[in-house]
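Here are the chains, one letter per residue:
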Amino acid sequence: MARRKIALIGAGMIGGTLAHLCALKRLGDVVLFDVVEGLPQGKALDLLEAGPIEGFDAQIIGTNTYDDIEGADVCIVTAGLPRKPGMSRDDLLSVNTKIMNDVATNIRNRAPHAFVIVITNPLDAMVTAMKRITGFPKQRVVGQAGVLDSARYRTFIAMELGVSVASVSAIVLGGHGDDMVPVRSYCHVGGVPVEKLIAAARLDAIEARVRQAGGEIVNLLKTSAFYSPAHAAILMAEAYLYDRKQVLPCAALLEGEYGVDGFYVGVPVVIGGGGVERVIEIELTGAERKALDVSVSHVRELVTAAEKFLPTA
Ligand code: TXD
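Residues numbered from 1 in each chain as written. Predicted model: local features only at pLDDT ≥ 70, side-chain atom pairs only at ≥ 80, totals over all residues. Heavy atoms only, no water.

## What about the sheet that holds strand S11 (residues 192-193)?
- With respect to topology, three strands assemble into an open sheet ordered S7-S10-S11, the strand pairing being antiparallel. The sheet terminates laterally at strand S7 (168-169) and S11, the two strands that pair on one side only. (Pairing = 2+ DSSP bridges. Helix = DSSP H or I, 4+ residues; strand = E, 2+ residues; numbered from the N terminus.)

Written as structure tokens, this is what we have:
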């Protein structure tokens, strides 16, 4: 039986961490692609040389040519540029949408059966671009945001109560922006609703921290988070590769669910061997529904701004 092939497009901070996790978790052979010469080759060789120590024997190659991603089962995309001083959101959208155009065209041509997980920011626009340009079915193009944002929510609740993160379940819905929606009514600690354990005002502060958690890391690191986003995307890849039917909050293309049509929004989905097999609709409180509507309206604005750089739907 052939090993699964995992193509990582972008060999920067997240891309390198993804490769490391793929090797440690023995998910398959890894192809690390980047436009910068030497970067993917160097990281791949470094990881290969860890194989004898850790006991993994996957093929790990670094490359600057898309021919090497031929037939990949999973593609995880982190390629892109961060915003630089003096760059408008439109400039970033234009630059990263162009990059996505190139990446998506190559994935479409060389890995036409792949399950594609997009991580690049601005996430909601980039996953839309990937879907449009590949023309893949919606089940095979998904964005990573909610798994990470929910993990952050769980982390902060566990810290507050001094309990294991394993005891906390939580979901965060909506777009991958400051208006994401930590859903308090579905947050539980060992099966107990979180509102029974933490006062409302304190939960407000914790949820505000969740919404700003990306920025909190940027302020400390001067670059964005990379361990946790990589772990989040790997969980999604594993759910696909092992046909886990795992319920995870992901950016999925909605066609009527949650009253949204034609936009990628973070919602709970079932990921299995068929990719995004199903969107799960949950009942929200009035305030949560309102917050989700606000978040969706910002996704619409973002995608509308990206529209001029995208092929027509
Ligand atoms: O949860 C989430 N979705 C995120 C997203 C959480 C944190 C960070 N998030 C975003 O992921 C971040 O804003 C970036 O847009 C991506 C990747 O973050 P990373 O930290 O890995 O960025 P790097 O280190 O700059 O790596 C990006 C690589 C870099 O090596 C470039 O040379 C490469 O992308 N790059 C390209 N690769 C392929 N093809 C093209 N055209 C290309 N252009 C740049």
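So that's the structure; there's more coming.
## A word on the site of the ligand
- Neighbouring the ligand are 21 residues; Met-13, Ile-14, Asp-34, Ile-119 and Gln-144 lie closest to it.
- One of the backbone nitrogen or oxygen atoms of Ile-119 is found 3.1 Å away from a nitrogen atom of the ligand.
- The backbone of Gln-144 places a nitrogen or oxygen atom 2.9 Å from a nitrogen atom of the ligand.
- Protein contacts shield 86% of the accessible area of the ligand, which totals 870 Å² for the unbound molecule. (Near = heavy atom within 4 Å. Polar contact = N/O pair within 3.5 Å; in protein donor to acceptor, adjacent residues only side chain to side chain. Areas by Shrake-Rupley, 256 points an atom, 1.4 Å probe, with all protein chains shown as cover.)

## A few points about the nonpolar core
- Formed by 58 residues in total, the largest nonpolar core has its most connected members in Leu-18, Ile-76 and Ile-271.
- By residue number, the principal contributor to this core is helix H9 (residues 227-241), which donates nine residues.
- Lining this core are residues from two domains, each supplying at least three of them: domain 1 (5-143) and domain 2 (146-308).
- Excluding residues within four positions of it along the chain, Leu-18 makes contact with Leu-8, Ile-76, Thr-78, Ile-119, Ala-230, Ala-233 and Ile-234.
- Of all hydrophobic cores here, the second largest spans 36 residues; its members include Cys-75, Ala-111, Met-130 and Ala-306. (Core = buried A, V, L, I, M, F, W, Y, C linked by side-chain atoms within 4.5 Å. Buried < 20%, exposed > 50% of the residue type's maximum accessible area, 1.4 Å probe, protein only. Domains from an automatic or database assignment. Contact = heavy atoms within 4.5 Å.)

## Some points on the environment of Ile-206
- With respect to the helices and strands, the residue Ile-206 is situated in helix H7 (residues 200-211).
- Residue Ile-206 is classed as buried on the basis of its relative accessible area, which comes to 4%.
- Separated by 24 residues in sequence, Ile-206 and Pro-182 place their C-alpha atoms 9.7 Å apart.
- If we skip the residues at most four places from it in the chain, Ile-206 touches Tyr-153, Phe-156, Ile-157, Glu-160 and Ile-198.

## Focus on the pattern of salt bridges
- In this structure the tally under the stated criterion is 15 salt bridges.
- For Arg-184, the salt bridge is made with Asp-204, and the minimal N-O distance between the two is 2.5 Å. Taken together, the residues span a long stretch of sequence, with Arg-184 in the loop between strand S9 (181-182) and strand S10 (188-189) and Asp-204 in helix H7 at a distance of 20 residues.
- Taking the relative accessible area as the measure of exposure, Asp-204 reaches 44% and is therefore partly exposed.
- Salt bridges linked by common partners bring Arg-3, Asp-29 and Asp-57 together as one network. (Salt bridge = Lys/Arg side-chain N within 4 Å of Asp/Glu carboxyl O.)

## What about the pairing of strand S13 (residues 261-272)?
- Of all twelve residues making up S13, ten are buried, and the element is well covered by its neighbours.
- Sheet topology places strand S12 (residues 246-255) next to S13; ten bridges connect them, and they run antiparallel. Counterpart to Ala-251 in the pairing with S13 is Gly-266.
- Counting the residues that bridge the hairpin from S12 to S13 gives five residues, and of these Gly-256 lies at a positive phi of roughly 110 degrees.
- In terms of strand pairing, S13 meets strand S14 (residues 275-279) through four bridges, oriented antiparallel. Each residue of the ladder has a partner; that of Val-269, found in S14, is Val-279.

Distances and angles like these do not, on their own, reveal function.
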